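# Results of the structural survey
Here's the letter readout for the chains.
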Amino acid sequence: MIRFSSFPFFRQLDQMDCGAACLKMICAFYKKNYSIQQLREMSGITRQGVSVLGLCDAAEQIGMKTLALNISFESLVNDVPLPCIVHWRQRHFVVVYKTDDQHIWVADPAFGKVKYTHAKFLEGWLYNKKTKKEEEQEGFALFLEPSAEFYNREDQVAGRPLDLRFLLPYLRSHKQILYQVMIGVLILSFIQVVFPFLTKALVDKGIRFNNLNFVYLILAGQLVLFLSQTGAEIVRRWLLLYMSKRVNIAIVSDFLVKMMKLPIAFFDSKMITDLIQRIEDQKQIDTFLSNTSLSVLFSLINILLFGTVLCVFSFPLFLIFLAGSTLYFTWIMLFVKKRAVLSYKRRDESVENRSSILEIMHGIQEVKLNNSERRRRWEWESVQNRVYNTAVKELRLEQLQVVGGNFLLQLMNIIITFVAAWSVIEGRITLGVMLATQYIIGQLATPLNSFVAFIHGAAEARISIERIGEVLNVEEEDKQKHTFDVSDEENDLVLDNVSFRYGSASSRLVLKNISLTIPRGKVTAIVGTSGSGKTTLMKLLLKFYDPTSGSINLGDKSLEGLDSRHWRSNCGVVMQDGFIFADTVLRNITESDNDYTIDKERLQQAVHVANIEDMIEQLPSGYHTNLSHGGIALSGGEYQRVLIARAVYKGPAFLFFDEATSSLDANNEKVIMENLQEFFKGRTVVIIAHRLSTVKHADKIIVLDKGEIIEEGDHTELVALKQHYFKLVKNQLELGK
Ligand SMILES: Nc1ncnc2c1ncn2[C@@H]1O[C@H](COP(=O)(O)OP(=O)(O)OP(=O)(O)O)[C@@H](O)[C@H]1O
């Protein structure tokens, strides 16, 4: 029998993952364990999330039968097989796994399992709420059923999400410090334990027998112990700070190294703010390591030692302490899961918050031009509202946990005090023992609280590690590398029946059956209307994406599997959306110099070809002037010329220019194109351009339309044809006359 009560739940790791997380839950329900990353890749996720078609594609790829329907609420409750995925508030996917006459059980990857009343569920699910007639009220649902293939497939990944064990290899290199801290912790704990005995002696021997000298002695002893305790604590904190910072830097550095190895397609589906948030999440690991991780050891030893001392002083008091602490921990543990859910939510909202403010900052020009300040501010405020609501819920939960916990602790203290006082009156224990137990109880509050902090810190750190793990588990772009020396190759670049689509199998093909030879040492131009796939073709040539079908070869050697870094080190590229770093002109041009050794000759050639000698001379600090972000802002044309200089400086065998001269004035373009003609000699060049002046000297011109090659030839041949190319450049031809 199917037991819905144990329906497996998986949380989405970022805002766009809801579809993949729903699919993962359904697979897990049918006892198959796919990773979210695998499913998100299959569903062709983008920064906007995943589409229904994408979800169907992924489900079918893993052997599920799919049926996407708009159905009435009545059918959802009574007729259809569950679990199914439903569309939620028009922007989110959730799984419905159980229904009855009054409730609908939903597994929401952003929140957890939720039970809704019918009315509440309808609010989130119906897409035509405004319709009065009940029979017209429908919502979207996607039904998935496993076929035999689903069970026979072997491609599921049984990988578990990363947990705190992820930190172990990082800690291993700091073993020495860990040992030192542990020894310190032990010393501290034993010092702590001596205090109650001193208190007992002070009262039972010093005060009772009016022995002032003994009191002095005990006080001096206490002072020495206190000073050594403070000293050990200071050293412990420094050591932990040192270690946690080191570990933290190592984790972030590994994260960055990994991130830079990921394929461009990964960045297509991730928001930058989400990745930044993951780096920020490291703070939680840092806090956990430096503040809570080893303090908990200290706390545990303290609880154990004080417990034992209490047991020695009075067994009944110890029993009360044991019962009280057990109750206290049970209470604390009740909140851990709920707080973790809110913590996930808070992090998601932080990403949204950051994105919304960055949008306004980046788009301030458009905001002003369109007078959309209020609209954008309202949007930002609505995000703030959500952030605030989550903060309120988190605080409420935290306060309930802390206040309830403190209440239990205080209750335990009162009972212990009462029982101790009673025992003194009855003569079962001395006054010294009572004061010593009071001291112990007072001292126990700190370790108990730090234990709570540890539980909470560990949960937070686990979430951070899980989120980082999601990136660390993505496959790198050069999985099976092989290298042949590209610069030695005398062969042409050949595209053989190449097709390509972004996203999932149901997305349209952006390039269709492209067969093309890009001759070695010649200039090939690609022209075509906007959106015809020119940039995509270039990105395929640069190995940013692999063709969906067909192959790209250099001579008879396939580019697939060729080490991307090696290939790109031979390519000079100016992209349409090329980026200038907030750095000096010099460093921007010499970006390809990893060892900071600047080749002056190449630099001069680069600035000459890009015609920026005069511009650089006029800059306040010449080559060392900082560009953008608080430095000099460049015009669109100057920006492009720096990018051209960067590509030329690299001195590559292959050059790829995507609208590299589109912002230049006619004069500059003429000069630069003349310079480039000289530079192009002996190099394989691919130019994408709309301007006739840029393409007409090309040895070969390719005309793309809707992802297909529709014409091929040189300028004269194509103009004579009077077909597509002619139409594309006709106006410019007339101008040329
Ligand atoms: N990262 C992406 N994800 C999904 N679709 C994309 C992506 N990049 C481009 N496309 C789509 O692919 C199609 C071709 O885009 P491409 O940028 O290659 O055209 P183009 O010919 O270079 O256009 P333009 O001349 O305007 O630069 C467009 O319809 C675009 O929407």
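Residues numbered from 1 in each chain as written. Predicted model: local features only at pLDDT ≥ 70, side-chain atom pairs only at ≥ 80, totals over all residues. Heavy atoms only, no water.

Turning our eyes to something else, we now look at the overall build of the protein. Scanning the protein for helices and strands turns up 26 helices and 16 strands. Referenced to the eigenvectors of the C-alpha coordinate spread, the extents of the protein come out at roughly 120 × 75 × 55 Å. Expressed as a percentage of the 737 residues in the protein, the buried residues total 50%. Here the contacts in the protein between residues at least 6 apart in sequence split such that 73% fall between residues at least 24 apart. Accessible surface for the protein amounts to roughly 37,300 Å². Of this, 57% is attributable to carbon and sulfur atoms. In the protein, 83 positive and 81 negative side-chain charges are present, and the distance between their average locations comes to 8 Å. (Helix = DSSP H or I, 4+ residues; strand = E, 2+ residues; numbered from the N terminus. Buried < 20%, exposed > 50% of the residue type's maximum accessible area, 1.4 Å probe, protein only. Contact = heavy atoms within 4.5 Å. Areas by Shrake-Rupley, 256 points an atom, 1.4 Å probe, with all protein chains shown as cover. Lys, Arg positive; Asp, Glu negative; His and termini not counted. Charge placed at Lys NZ, Arg CZ, Asp CG, Glu CD.)

So, about a nonpolar patch on the surface. Where nonpolar side chains cluster on the molecular surface, the patch consists of Leu 223, Phe 226 and Leu 227 and spans about 320 Å² of accessible area. Turning to its location among the elements, Leu 227 is positioned in helix α9 (residues 212-261). Using a relative accessible area of 54% as the deciding quantity, one classes Leu 227 as exposed. (Patch = residues over 30% accessible without salt bridge, like charges linked within 9 Å, V, L, I, M, F, W, Y side chains within 5 Å. Salt bridge = Lys/Arg side-chain N within 4 Å of Asp/Glu carboxyl O.)

A few words now on the UniProt feature "domain: ABC transmembrane type-1" (unreviewed entry) in the protein. Sequence positions flagged by UniProt for "domain: ABC transmembrane type-1" (unreviewed entry) are, in local numbering, residues 181-460. Secondary structure across residues 181-460 divides into 93% helix and 0% strand, with the first and last C-alpha atoms of the span separated by 23 Å. (UniProt positions renumbered as here; feature names shortened; annotations may be inferred.)

This paragraph deals with the environment of Arg 520. If you trace the backbone, Arg 520 turns up in the loop between β8 (511-518) and β9 (523-528). Its relative accessible area of 16% is what places Arg 520 among the buried residues. Sequence-wise, Arg 520 and Ala 110 are 410 residues apart; in three dimensions their C-alpha atoms are separated by 52 Å.

In the vicinity of the ligand there are 14 residues, among which Arg 508, Ser 530, Lys 534, Thr 535 and Thr 536 approach most closely. Taking Tyr 502, its side chain carries an N or O atom lying 3.4 Å from a nitrogen atom of the ligand. The separation between an oxygen atom of the ligand and a polar side-chain atom of Lys 534 is 2.8 Å. Summarising the interface, the protein chains cover 67% of the accessible area of the ligand, which totals 630 Å² for the free molecule. A per-element tally of the shell around the ligand places helix α17 (residues 534-541) first, with 3 residues. A breakdown of the residues in the shell around the ligand according to their chemical character gives 2 nonpolar, 9 polar and 3 charged. (Near = heavy atom within 4 Å. Polar contact = N/O pair within 3.5 Å; in protein donor to acceptor, adjacent residues only side chain to side chain. Nonpolar A, V, L, I, M, F, W, Y, C, P; charged D, E, K, R; others polar.)

Within the largest apolar cluster, 59 residues are counted, with the highest numbers of intra-cluster contacts made by Leu 167, Ile 251, Ile 285 and Phe 321. Looking at this core, the elements that each hand over two or more residues are α7 (168-172), α8 (175-207), α9, α12 (282-313), α13 (315-362), α15 (373-426) and α16 (431-472). Among the elements that line this core, the one with the most residues is α16, at 15 residues. For Leu 167, the contacting residues outside a window of four places in its chain are Ile 251, Ile 285, Phe 288, Leu 289 and Ile 465. Listed in part, the 48 residues of the second largest apolar core include Leu 619, Leu 643, Ile 644 and Leu 692. (Core = buried A, V, L, I, M, F, W, Y, C linked by side-chain atoms within 4.5 Å.)

Over its 48 residues, α13 runs 68 Å from end to end, which matches the ideal 70 Å to within 8%, given 1.5 Å per residue. Maximal helix bending in α13 amounts to about 30°, located at Val 336. Where α13 begins, the capping side chain belongs to Ser 314, and its oxygen is found 3.3 Å from the backbone nitrogen of Leu 317. (Expected span 1.5 Å × (residues − 1). Bend = angle between axes of the 7 residues up to and from the residue.)

What follows deals with the packing of aromatic side chains. Enumeration according to the criterion identifies 26 aromatic pairs in this entry. Ring pairs connect the aromatic residues Phe 7, Phe 29, Tyr 30, Tyr 97, Phe 150 and Tyr 151, which therefore count as one cluster. Sitting above the plane of the Phe 150 ring, Lys 32 keeps its charged end 6.0 Å from the centroid. Over the ring of Phe 679 we find Arg 683; its NZ or CZ atom is 4.0 Å from the centre of that ring. (Phe/Tyr/Trp six-rings, centres within 6.5 Å; stacked < 30°, edge-to-face > 60°. Lys NZ or Arg CZ within 6 Å of the ring centre and 35° of its normal.)

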